[in-house]
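Geometric and topological summary
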Amino acid sequence: MLIKRPGWKIGHADVDDLNKSKLVRWQHKNYIPLVLFMGIIFPTLVAGLGWGDWRGGFYFAAVTRLVFVHHATFCVNSLAHWLGDGPFDDRHTPRDHFITAFWLIAACAFFGLASHLKTFPENEVRKGQLQMIEKKVLEKKTKLQWGTPISELPILSFEDFQHACKNDNKKWILLEGVVYDVADFITEHPGGPKYLNMAIGKDMTTAFNGGMYDHSNAARNLLSLMRVAVVEFGGEVEAQKKNPSVPVYGDDHIKAE
Ligand code: HEM
């Protein structure tokens, strides 16, 4: 109200109902004289003619009251965009807070100072809340490391995987079709280095998922930073089914016996 806003920033509102009211149209047409008369002259006249206090009427009933009323009005707007948080939407700045929601809206409605208040469907309110939570979760998620996405990993055959471990000294293990490089983790493994050393070059899906120990979510999270490749056809058994010449873990032991 006090500064000239750029044209594109001026909001639009459907004022058809106001235009239909003769009184409102008359008020709008005579805005400045009405403001001066009702805001300043009339209160001064009441105090001046009523009990001879012209200065009191001007300073208190007119100027001080106007300053107070305008500040209170602006304050309500500022509070509604400042107090509380925005759990439903982050495109606009209205905020949710007990003081503004209850005292300013509910109390005004109770005293008839606000009418035709619209309520948003509960389902949509909940959706907005959930979307804001999702955004926050996503924001937090992007700050963490999740390793190379599986879709971007190179694809190896089961033989390549075993060959790399046997001949290139790779410390890789296979879990659920994904190859993990455990070189830096062997000595860190809470279950001890023995289990990881014996797992190199093998499909340990069953052992990892309860065959030997059912690992926690934390253990699965650790995995994400160690993945280096995916194995064609998923794992040892599938690779075997597709190509019977694929060497199976344990074959050499069986043959030796
Ligand atoms: C890179 C793969 C692996 C990771 C990241 C990993 C991680 C972990 C972690 C974090 C724990 C602590 C308990 C838990 O949070 O679940 C654990 C425990 C254990 N792990 Fe692993 N593990 C891996 C592979 C394996 C394999 C292949 C085996 C078996 C051959 C194994 C056997 C065990 C055992 C027996 C325990 C229990 C130790 C105890 O309760 O004292 N782990 N592992």
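Residues numbered from 1 in each chain as written. Predicted model: local features only at pLDDT ≥ 70, side-chain atom pairs only at ≥ 80, totals over all residues. Heavy atoms only, no water.

1. Describing the site of the ligand
The environment of the ligand is formed by 19 residues, the closest being His-189, Leu-196, His-215, Ser-216 and Leu-223. Contact between the ligand and His-189: a nitrogen atom at 2.8 Å from a side-chain N or O atom of the residue. In this structure, an oxygen atom belonging to the ligand sits 2.6 Å away from a side-chain N or O atom of Ser-216. Broken down by secondary-structure element, the contributors of at least two residues to the shell around the ligand are helix H8 (193-199) and helix H10 (217-224). Looking at the shell around the ligand residue by residue, the classes come out as 15 nonpolar, four polar and no charged. (Near = heavy atom within 4 Å. Polar contact = N/O pair within 3.5 Å; in protein donor to acceptor, adjacent residues only side chain to side chain. Helix = DSSP H or I, 4+ residues; strand = E, 2+ residues; numbered from the N terminus. Nonpolar A, V, L, I, M, F, W, Y, C, P; charged D, E, K, R; others polar.)

2. Regarding the sheet that holds strand E2 (residues 172-175)
In spatial order, the strands read E1-E4-E3-E2; together these four strands make up an open sheet with mixed pairing. Each having just a single partner strand, strand E1 (155-156) and E2 make up the two edges of the open sheet. Pairing of E1 with strand E4 (residues 227-231) involves two bridges; the strand directions are parallel. If you follow Ile-155 over to E4, its bridge partner there is Val-230. Helix H7 (residues 158-167) rests against E1, E2, strand E3 (178-181) and E4 of the sheet, and its axis sits at about 150° to E2. (Pairing = 2+ DSSP bridges. Contact = heavy atoms within 4.5 Å. Axes fitted to C-alpha atoms, helices over the stretch in contact; angles between N-to-C directions.)

3. Quick look at the coordination of the iron atom of the ligand
Here the iron atom of the ligand is held by the protein donor atoms His-189 (NE2) and His-215 (NE2), which lie 2.0 Å from it. Coordination at the iron atom of the ligand is octahedral: its six donor atoms span angles of 87 to 179° at the metal. Placement of His-189 in the loop between E3 and H8 and of His-215 in the loop between helix H9 (205-208) and H10 is noted, with a sequence separation of 26 residues between them. The exposure class assigned to His-189 is buried, which follows from its relative accessible area of 13%. (Donors = N, O, S within 2.8 Å, 3.2 Å for Na, K, Ca; no water. Tetrahedral: all angles 85-135°; square planar, octahedral: opposite > 155°, others 65-115°. Buried < 20%, exposed > 50% of the residue type's maximum accessible area, 1.4 Å probe, protein only.)

4. Quick notes on H10
The α-helix winds at 3.6 residues per turn, so residues separated by three or four positions along the chain end up facing the same way. Buried within H10 we find Ala-219, Leu-223 and Ser-224. Buried residues in H10, looked at end-on, bunch into an arc of 155°, giving them a common side. For H10, exposure combined with an orientation more than 90 degrees from the buried face picks out Asn-217 and Ala-218. For H10, the secondary structure elements touched by its buried residues are E2, E3, H9 and E4. The opening residue of H10 is Ser-216, an N-cap whose side-chain oxygen sits 3.3 Å from the backbone nitrogen of Ala-218. (Arc of directions from axis to C-beta.)

5. Points about the UniProt feature "transmembrane region" (unreviewed entry) in the chain
Cross-referencing UniProt, the feature "transmembrane region" (unreviewed entry) maps to residues 31-51 and 98-117 in the present numbering. Along residues 31-51 one finds 100% helix and 0% strand; the C-alpha atoms at either end are 29 Å apart. In this annotation, residues 98-117 is assigned 65% helix and 0% strand; the end-to-end C-alpha distance for the span is 17 Å. (UniProt positions renumbered as here; feature names shortened; annotations may be inferred.)

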